Amino acid sequence: MTKRITISQAAAFTGQRVEIPGWLYNLRKSGKIVFPILRDGTGMMQCVAMKNNLPEEKFEALKHLTQESSLIVTGVIREEARAASGFEMDVEDVQIIQKVSEEDPYPITPKEHGVDFLMDRRHLWLRSQRQHAIIRVRHEIIKATRDYFDNNGFTLVDTPIFTPAACEGTTTLFECNYFDDEKAYLTQSGQLYNEANAMAFGKVYCFGPTFRAEKSKTRRHLTEFWMVEPEMAWADLEDVKRVAEEFVIYVVGRVLDKKREELKVLERDTSKLELVQGPFVRMSYTDAVKNLQEHGSNIEWGSDFGGGDETILTQQFDRPMLVDRFPTAIKAFYMQPDPERPEVAMGVDVLAPEGYGEIIGGGQRIHDPELLLRRIKEHDLPQEAFDWYIDLRKYGTVPHGGFGMGIERCVAWICGLEHVRETIAFPRMLYRLRP
RNA sequence: UCCUCAGUAGCUCAACGGCAGAGCAUUCGGCUGUUAACCGAAGGGUUGUAGGUUCGAAUCCUACCUGAGGAGCCA
């Protein structure tokens, strides 16, 4: 019986007769010789079928096979410089599992297509080479993320997706019915629960999908995105910044190490990624505002960065930036104020270079119970909803902090993509819920 | 929610007030080393929807629908 292998294993079977199941990616023909390009999810392989080497009807069937038809090819693997992968199969037999109908051919041809057309066929678009590369880089980023935290003393403690209240604002929550009369909301962040977990385990992280009903229609927004959030007890802003920097360097390094081929498919300029080394550029919000004003922005101290501001800042440097100490007034209620300058909060954002902007947001949390209570009142938040959160400051409170990194923005940056919609298999966006 | 742009063949686009067009895809034919192969031929259209202006509208005007880019907000 012929051994069945995958395309990724082909090199190891040079000179041997094997069978490979897959889909027809493309077919070129030249009289009595045809070149089917087979894909199987692990790679692509050019096959060569000569009229004389297989039965007449099999050759004719193969010659007229349509794109994305499923088939099993049998033949001998051979080294071949003329093939893109360096290997080729001389086809001796072919078994067609399903021929895609000529009346309704596979819609995604090797030529160009528009975004709308491709997004409507996302379930098929995922078969394309470029999409494979992106999803594989995403996989590596997620693996590297888990490895980083697992290897540095963090315990994975995942936080709930149904939540009873907002973590930040209430305007951007997806609401759903929770049995009889109660409402539940899809989580925007695991942070508050993470703080409880950090008081229990010391260093923790959670990693899962988060949901924001923001009506944002930009290249950087999804309504459902994945976020990794580490949280550390006994940590201040400087600790948070150090971990964020080390983590980003580790993740980029891993992708460069393991996913060169994929970055090449994406035509990513890896020299830009090689520059992602410590120390990152460090700048306070106040200095950033000065810098922006000098570069023509009309930002004023006290307001958040506008659309072009992050670009103006990051374009000046070839590595990520840490911007810290934002105005307390524009930050979340739990953010620790700077003891020397209470008008600024001990928060930090990591801005990716090349115009990719914010990929990480975090900081030190308030650990003083009196202050936290005051902040909850100032923000008009219902105190009873935060009773358990306030408990964390009643029973052995300690300085603590952490951050969140959006996986899709990180993937978009590392892959050099224009839009986050390609960084997840089935993106959820304003106005796009299907497929 | 607001601003800007775009909807023409299955796809990507052209025609911009006067005959509805090309490349790719599909079908048929040719080619024993192709690399988004190439060469020849065929089929394929309610120009997003509704109304208006005009002798005449894909083209100009109005409304609506759909999508894209951006703003605000954010990871």
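Predicted model only: the values in this text are computed from it and were never measured. (Residues numbered from 1 in each chain as written. Chains lettered and ligands numbered in written order. Predicted model: local features only at pLDDT ≥ 70, side-chain atom pairs only at ≥ 80, totals over all residues. Heavy atoms only, no water.)

**Student:** I keep staring at the environment of Gly361 and nothing clicks. Help me out?
**Tutor:** Structurally, Gly361 is set in strand β17 (residues 357–365). For the pair Gly361 and Leu351, spaced ten residues apart in sequence, the C-alpha to C-alpha distance is 9.0 Å. Apart from residues no more than four positions distant in its own chain, Gly361 is found in contact with Val348, Asp349, Phe403 and Gly404. (Helix = DSSP H or I, 4+ residues; strand = E, 2+ residues; numbered from the N terminus. Contact = heavy atoms within 4.5 Å.)

**Student:** Can you walk me through helix α6 (residues 237–258) in this structure?
**Tutor:** Each α-helix turn comprises 3.6 residues. Residues three or four places apart therefore point the same way. An ideal rise of 1.5 Å per residue puts 32 Å on 22 residues; α6 measures up with 32 Å between its terminal C-alpha atoms. Where α6 starts, the residue carrying a side-chain oxygen 3.1 Å from the main-chain nitrogen of Glu238 turns out to be Asp236. (Expected span 1.5 Å × (residues − 1). Polar contact = N/O pair within 3.5 Å; in protein donor to acceptor, adjacent residues only side chain to side chain.)

**Student:** Hey, could you run me through the domain arrangement of chain A in this one?
**Tutor:** Put simply, an interface is often sized by how much accessible area is lost when its parts join up. Here the domain parsing of chain A yields domain 1 (3–98) and domain 2 (123–422). Relative to domain 2, the C-alpha centre of domain 1 lies at a distance of 46 Å. Listed per partner, the contact involves seven residues of domain 1 and four residues of domain 2. Carbon and sulfur atoms supply 44% of the area buried between domain 1 and domain 2, which totals about 430 Å² over both sides. For domain 1, the biggest contributors to the area lost against domain 2 are Tyr25, Arg39 and Gly41; these three give 62% of the whole. (Domains from an automatic or database assignment. Buried area = accessible area lost by both parts, 1.4 Å probe.)

**Student:** What's the story with the nonpolar core in this structure? I'm lost.
**Tutor:** Side chains that are nonpolar tend, in soluble globular proteins, to be buried together. Within the largest apolar cluster, 59 residues are counted, with the highest numbers of intra-cluster contacts made by Ile141, Phe149, Phe247, Val248, Ile360, Trp413 and Ile414. Ranked by residues supplied to this core, first place goes to α6 with ten residues. Setting aside its immediate chain neighbours within four residues, Phe149 contacts Phe154, Tyr205, Val228, Pro230, Val243, Phe247 and Phe403. (Core = buried A, V, L, I, M, F, W, Y, C linked by side-chain atoms within 4.5 Å. Buried < 20%, exposed > 50% of the residue type's maximum accessible area, 1.4 Å probe, protein only.)

**Student:** What is the right way to look at the pairing of strand β4 (residues 44–50) in this model?
**Tutor:** The two faces of the sheet receive side chains in turn, since in a regular strand these alternate between them. Within β4, five of the seven residues are buried, which leaves the element mostly enclosed by the surrounding structure. Across five bridges, the pairing between strand β3 (residues 33–39) and β4 is antiparallel. Note on β4: the bridge partner recorded for Ile37 is Gln46. Between β3 and the antiparallel strand that follows it, β4, lie four residues; Gly41 among them carries a positive phi value of about 95 degrees. As paired elements, β4 and strand β6 (residues 87–98) share three bridges and run parallel to each other. Its bridge partner lying in β6, Val48 is registered against Asp90. (Pairing = 2+ DSSP bridges.)

**Student:** Which parts of the structure should I look at to understand the sheet that holds strand β10 (residues 182–186)?
**Tutor:** Each strand in a sheet pairs with another by means of backbone hydrogen bonds, the pair being arranged parallel or else antiparallel. Strands sit in the order β8-β10-β9 across an open sheet of three strands; the sheet is antiparallel. Looking along the sheet, the strands with just one partner apiece sit at the ends: β8 (162–163) and β9 (175–178). Relative to β10, β9 runs antiparallel, the two sharing four bridges. In the strand pairing of β10, Tyr178 is matched with Glu182.

**Student:** Help me out: how do you make sense of the pairing of strand β12 (residues 224–233) in this one?
**Tutor:** With respect to burial, β12 is a largely interior element, eight of its ten residues being buried. One ladder, built from nine bridges, connects strand β11 (residues 203–211) with β12; its direction is antiparallel. Each residue of the ladder has a partner; that of Gly208, found in β12, is Met227. As defined by bridge partners, β12 adjoins strand β18 (residues 400–406) across five bridges and the pair is classed as antiparallel. Residue pairing in the sheet places Glu231 in a bridge with Gly402 of β18.

**Student:** So what exactly am I meant to see when it comes to the protein's contact with RNA strand B here?
**Tutor:** Residues in contact with RNA strand B amount to 51 residues; listed here are only the nearest, Arg28, Glu88, Pro110, Arg219 and Arg409. In the interface set of RNA strand B, defined as its atoms within 4 Å of the protein, sugar plus phosphate atoms amount to 51%. Here Glu214 contributes a side-chain N or O atom positioned 3.4 Å from a sugar or linking oxygen of RNA strand B. A distance of 3.1 Å is found between a sugar or linking oxygen of RNA strand B and a backbone nitrogen or oxygen belonging to Glu358. Where the surface near RNA strand B is concerned, the elements lending two or more residues are β2 (17–30), β3, β4, α2 (115–120), β12 and β17. When its residues are assigned to classes, the surface near RNA strand B shows twelve nonpolar, 16 polar and 23 charged. (Near = heavy atom within 4 Å. Nonpolar A, V, L, I, M, F, W, Y, C, P; charged D, E, K, R; others polar.)

**Student:** Any chance you could explain unusual backbone geometry here in plain terms?
**Tutor:** Comment: phi is negative for the bulk of residues other than glycine, and the bulk of peptide bonds are trans. Between Gly278 and the following residue, Pro279, the backbone shows a cis peptide bond with an omega angle of -10 degrees. Summarising the element assignment, Pro279 is placed in the loop between α8 (270–274) and β13 (281–284). Of note in the backbone geometry, Arg325 takes a positive phi value of approximately 60 degrees without being a glycine. In this fold, Arg325 is placed in strand β14 (residues 321–327). Positioned with a positive phi, Glu354 is a non-glycine residue whose angle comes to about 60 degrees.

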